[in-house]
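# Topology and contacts: notes
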Amino acid sequence: MAEQNQVAKVSKQEIATAIGNTTIADSILKSFDVLAKQGQLIFPKGYAYGNQLKLMYTTLSQNGMIQKATPVSIGEALVEAVIQGLEVDKKQVYFIVYGNKLQMFRSYYGDIKVALETGLVKEIRARVIYKNDEYEVDTNSEGDEIVLNHRTRLENHDLPIVGAYAWADLPDGRRRYCIMTKK
């Protein structure tokens, strides 16, 4: 029990130190606070932009990216991620340093979040096609490929993956597919 408390204290202390040194994140947060209060910047409902900003900065610090990138590129990457309402702890965003510039990339999960928040998509789903699955693909009247049928068996899940497809349900009731072979 005493060891757990010691570990918790060390972790909290390390986090507090990292957050205490977040001059770039603090500066961005102050600007966001002002813009949000003026109604010029609106974040998704329930999105704790301050928490995410600090968490992103702490993650970058722990990964050593802060030392490798210019302060301007760090600020730009953080602003871009937070304005999109992305959450680093939900793997919706990741950062990569190219040369001395930090760049923000949305993950697949981030793409889904942004698509759903636009209201242009109601739901997004995906399925894997295994060897020996029964599936039928056709083209609709608009020339788009669609999945007519997909039946699988549990034992097929141990067989090689031969493809996958995803679909988005649109507000007007239409369904848009993306169908891919493994290659």
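Anything mentioned here points back to the structure above.
Here goes a summary of the coordinates provided. (Residues numbered from 1 in each chain as written. Predicted model: local features only at pLDDT ≥ 70, side-chain atom pairs only at ≥ 80, totals over all residues. Heavy atoms only, no water.)

Helix and strand counts for the protein stand at six helices and seven strands. For the protein, the succession of helices and strands along the chain, N to C, is α-α-α-α-α-β-β-α-β-β-β-β-β. Relative to its 183 residues, the protein shows a buried fraction of 32%. With an accessible surface of roughly 12,200 Å², the protein has 53% of that area assigned to carbon and sulfur atoms. (Helix = DSSP H or I, 4+ residues; strand = E, 2+ residues; numbered from the N terminus. Buried < 20%, exposed > 50% of the residue type's maximum accessible area, 1.4 Å probe, protein only. Areas by Shrake-Rupley, 256 points an atom, 1.4 Å probe, with all protein chains shown as cover.)

This part is about unusual backbone geometry. In the Ramachandran plot, K91 falls in the positive-phi region, its phi being about 60° despite a non-glycine side chain. Classification of K91 by relative accessible area gives exposed; the value is 58%. A positive phi is found at N132, a non-glycine position, where the angle reads about 80°. Judged by its relative accessible area of 56%, N132 is exposed.

Grouped together as the largest cluster of nonpolar side chains are 27 residues, with contacts concentrated most on M56, I74, L78 and F95. Listing elements by their share of this core, those giving two or more residues are α2 (23–37), α3 (49–62), α4 (65–68), α5 (71–83), β1 (93–98) and β2 (101–106). Ignoring anything within four residues of it in the chain, the contact list for I74 reads I24, Y57, L60, I66, A69 and L102. (Core = buried A, V, L, I, M, F, W, Y, C linked by side-chain atoms within 4.5 Å. Contact = heavy atoms within 4.5 Å.)

An order of β3-β6-β7 is seen for the three strands of this open sheet, with the pairing classed as antiparallel. Every interior strand has two partners, whereas the edge strands, β3 (123–130) and β7 (175–181), have only one. Each strand axis lies, on average, 15° off the axis of its neighbour in the sheet, ignoring direction. Here seven bridges tie strand β6 (residues 161–169) to β7, and the two strands are oriented antiparallel to one another. Considered in β7, the bridge of A168 is made with R176. (Pairing = 2+ DSSP bridges. Axes fitted to C-alpha atoms, helices over the stretch in contact; angles between N-to-C directions.)

With that settled, consider a nonpolar patch on the surface. Taken together, the side chains of Y135, V137 and V162 define a hydrophobic patch exposed on the protein surface, amounting to about 230 Å² of accessible area. When its relative accessible area of 35% is taken as the criterion, V137 is described as partly exposed. (Patch = residues over 30% accessible without salt bridge, like charges linked within 9 Å, V, L, I, M, F, W, Y side chains within 5 Å. Salt bridge = Lys/Arg side-chain N within 4 Å of Asp/Glu carboxyl O.)

Once that is clear, we can look at the environment of E117. Counting through the fold element by element, E117 comes out in helix α6 (residues 108–118). Between the C-alpha atoms of E117 and G85, which are 32 residues apart in sequence, the distance is 9.4 Å. Apart from the residues lying within four places of it in its own chain, the contact partners of E117 are P44 and Q84.

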